[in-house]
Structure formats: structure tokens, C-alpha cells
Amino acid sequence: MTFSYNPSLRGADLAGRLAGFRLPVTVALSFAVVALVVAWSLAPGLFTSHSPINGVPTDKLLGPSLQHWFGTDHLGRDLYARVVYGTASSVSSALVAVVIGVFAGGLIGLLAGFLGGWVDIVLARLVDVLLAIPKFLLAVIVVTAIGFETINAAIATGVSAVAVFARVTRAEVIKTRQATFVEASFLLGGSRWYILLRHVLPNASRSILPLAVLQFGESILVIASLAFLGYGDPPPASDWGLLISIGKDYLKWPWLVYAPAFVTIATVLSVNRISRWLRKTD
């Protein structure tokens, strides 16, 4: 028996694999938007030479131009610079909210789904109570209790997301716990905690990543909404929601609202698109 090597078949297989990894145009554009926003938050000084705090009174309320891409505000400050420098607060706050939701909610869902019994009953009722309260209302209650700052708004947003992560994690843990390989590990003498950490947690966490990405975008929106209502850092901070709140008082100069609102919407939509793509990707 003889075997022949056909390089064309190998090339076709490689081309098929590469085609499978090709990103849709909308997803690639979403990654580009998110990458730009992250770069703004890490090194804002590389993207603008204007100060986000000090303005030129004679340049107040100028329209968008090559010198001021987003125009200027009522104090002559460059609006593009304020949006760029406000990115760090918005992104870091959303990240804090996601971390709180993932760890607290994931732990509750993991224990409830794996231990079962009265532990599941108690934790499930706690999650039901949190789900019964609208997320934004819960965030407002928490931030009112702990203080009006952006970091407190992030904590409040994270607390409001705990129930969602707990519910999803619990469902995934219950499904994974009933899998054949988990039962086989029990029969081979594996302890509860070994099976939890070695088998259940890695498999149950597959659904957490798309949800965490989706929650990141939602957290940006919620934190911006809290800042709009005055629950974030006061001026001269430049959180996106605060910029929109200030701009609404100057409706004759609509770029004061449109610029930060467009950046917020573009970021949230991009993150949501990436989340949908991750859910469909194996």
C-alpha cells in the first residue's frame, strides 16, 4: 500500500481554517473602536495636546473644526480633550463594576449550583430578591448610601449586576455537574473541591466571558447615567455622562451633547457586538 502527499489538500485545509478565524467587518470595526477607547484611557496625552481643565475664554462655544475636533465648551475648553481624558474614569469604573459582578455573582452561582440543597435555596432566594429590583434603581440606592463619587457609582453598578452573573453561573454549573465526565471523576475518587475547581468551574465559565463583555458595555451606560444625574465626580471632572449633563444646558450649541453622547453610544454598541460574536464563537 502506498500513500501520496497532496500539498493542495493541505493548502485547502489551511485556507479553510483561516477562513473560519476571519472576523466579520462589524466585529473588526468594533474591536478597533474598543481599542481606541482603551488607548484613550491609558495614554490620553498622546491623542490631544489641549488641557481638559484649563480653557481659553475667548474660544468659548466654538464649533467643531480642525483645531477643536469636537468644538469647545462654555469655558473655552477643548471638548475632544475632555472626552479623551474622561475615558479613563468611564472605562476603569465599568471594569470595576464587571469585576464585582463576576466574582460576587460567580461565587454565589457556583456555590448554589454545585452544593445544592438548602444552600441553593437560600442563595436562589437572595438572587430572586436582587432580580426583583430594577438594576438602575438598585444602583441609585447603593450609590446614595455610600456617597456620590465615580468609584461608588462603579461599586453600585457592580452590585446591581451580581444577580445576573449568579443566575447564569448557577445554570451552567448545574448543567456541567450532570455531565458524564463529572460523574466519572466522582467514581474515580475525586473530592468535591477538586471536581469543582478542575472540571465544573472551567466549563461553567464559558458563558461568563460573553456576559462579562456585555456587562462592561452596560456598566459604561449605567455609570454615565449616574454621572448625568449627579451621582459621579463633580466638575471639573469629565466623565462622559457629566459632559452630556453640562451640555444639555447649552442647546444652541448641540455639539456639547452630541460629541460625548456619540462616543458613549459607539463604545457601548461596539462592546455589545463583540459580546454577540463571542456567544456564537466556539
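Description of the structure in this document. All values derive from a computational prediction rather than experimental measurement. (Residues numbered from 1 in each chain as written. Predicted model: local features only at pLDDT ≥ 70, side-chain atom pairs only at ≥ 80, totals over all residues. Heavy atoms only, no water.)

1. A closer look at the packing of aromatic side chains
- Per the counting criterion, the structure on display carries five aromatic pairs.
- Considering the side-chain rings of Phe 31 and Trp 277, the 5.9 Å spacing of their centres and the 85° angle between planes classify their relative orientation as edge-to-face. Of this pair, Phe 31 sits in helix 2 (residues 25-42) while Trp 277 sits in helix 11 (residues 255-280), and the two are 246 residues apart along the sequence.
- Its relative accessible area of 33% is what places Phe 31 among the partly exposed residues.
- On the numbers, 5.0 Å between centres and 45° between planes, the contact of Trp 69 with Tyr 80 is tilted. Of the two residues, Trp 69 sits in the loop between helix 2 and helix 3 (79-115) while Tyr 80 sits in helix 3, which places them eleven residues apart along the sequence.
- Taking relative accessible area as the criterion, Trp 69 reaches 53% and is therefore assigned exposed.
- Pairwise contacts between aromatic rings join Trp 40, Trp 69, Phe 70 and Tyr 80 into one cluster. (Phe/Tyr/Trp six-rings, centres within 6.5 Å; stacked < 30°, edge-to-face > 60°. Helix = DSSP H or I, 4+ residues; strand = E, 2+ residues; numbered from the N terminus. Buried < 20%, exposed > 50% of the residue type's maximum accessible area, 1.4 Å probe, protein only.)

2. Structural notes on the packing of helix 9 (residues 208-228) against helix 11
- Running from N to C, helix 9 and helix 11 cross one another at 170°; their axes reach a closest spacing of 8 Å. In terms of their interaxial angle, helix 9 and helix 11 are classed as roughly antiparallel. In this structure, helix 9 uses Leu 209, Pro 210, Val 213, Leu 214, Phe 216, Gly 217, Ile 220 and Leu 221 to contact helix 11, whose residues at the interface are Thr 264, Thr 267, Val 268, Val 271, Asn 272, Ile 274, Ser 275, Leu 278 and Arg 279.
- When its residues are assigned to classes, the contact of helix 9 with helix 11 shows eleven nonpolar, five polar and one charged. (Axes fitted to C-alpha atoms, helices over the stretch in contact; angles between N-to-C directions. Parallel < 35°, antiparallel > 145°, perpendicular 65-115°, else oblique. Contact = heavy atoms within 4.5 Å. Nonpolar A, V, L, I, M, F, W, Y, C, P; charged D, E, K, R; others polar.)

3. Concerning the packing of helix 2 against helix 3
- Between helix 2 and helix 3, whose axes approach to 7 Å, the crossing angle comes to 90°. The angle between helix 2 and helix 3 falls in the class roughly perpendicular. Contacts between helix 2 and helix 3 involve Val 37, Trp 40 and Ser 41 from the former and Tyr 80, Val 83, Val 84, Thr 87, Ala 88 and Val 91 from the latter.
- When the residues that make up the contact of helix 2 with helix 3 are grouped by side-chain class, the tally is seven nonpolar, two polar and no charged.

4. Looking at a nonpolar patch on the surface
- A cluster of nonpolar side chains, Leu 95, Val 99 and Phe 103, forms an exposed patch at the surface whose accessible area comes to about 320 Å².
- Tracing the sequence through the fold places Leu 95 in helix 3. (Patch = residues over 30% accessible without salt bridge, like charges linked within 9 Å, V, L, I, M, F, W, Y side chains within 5 Å. Areas by Shrake-Rupley, 256 points an atom, 1.4 Å probe, with all protein chains shown as cover. Salt bridge = Lys/Arg side-chain N within 4 Å of Asp/Glu carboxyl O.)

5. Describing the pattern of salt bridges
- This model, assessed by the stated rule, comprises seven salt bridges.
- With a closest N to O distance of 2.9 Å, Arg 125 and Asp 128 form a salt bridge. Placement of the pair is Arg 125 and Asp 128 together in helix 4 (residues 117-132), with a separation of three residues, close to one helical turn.
- Across the pair Glu 218 and Lys 135 runs a salt bridge, and its minimum N-O distance is 2.9 Å. Of the two residues, Glu 218 sits in helix 9 while Lys 135 sits in helix 5 (residues 135-146), which places them 83 residues apart along the sequence.
- Given the relative accessible area of 26%, Lys 135 is considered partly exposed.
- Each of Asp 73, Arg 77 and Arg 82 takes part in one network of salt bridges that share partners.

6. Comments concerning the nonpolar core
- Of all hydrophobic cores here, the largest spans 30 residues; its most connected members are Trp 40, Leu 79, Val 83, Phe 165, Phe 216, Ile 220 and Trp 240.
- Of all the secondary structure elements, the ones that give two or more residues to this core are helix 2, helix 3, helix 6 (150-177), helix 9, helix 10 (240-247) and helix 11.
- With ten residues, the next largest nonpolar core counts Val 140, Ala 153, Ala 156 and Leu 226 among its residues. (Core = buried A, V, L, I, M, F, W, Y, C linked by side-chain atoms within 4.5 Å.)

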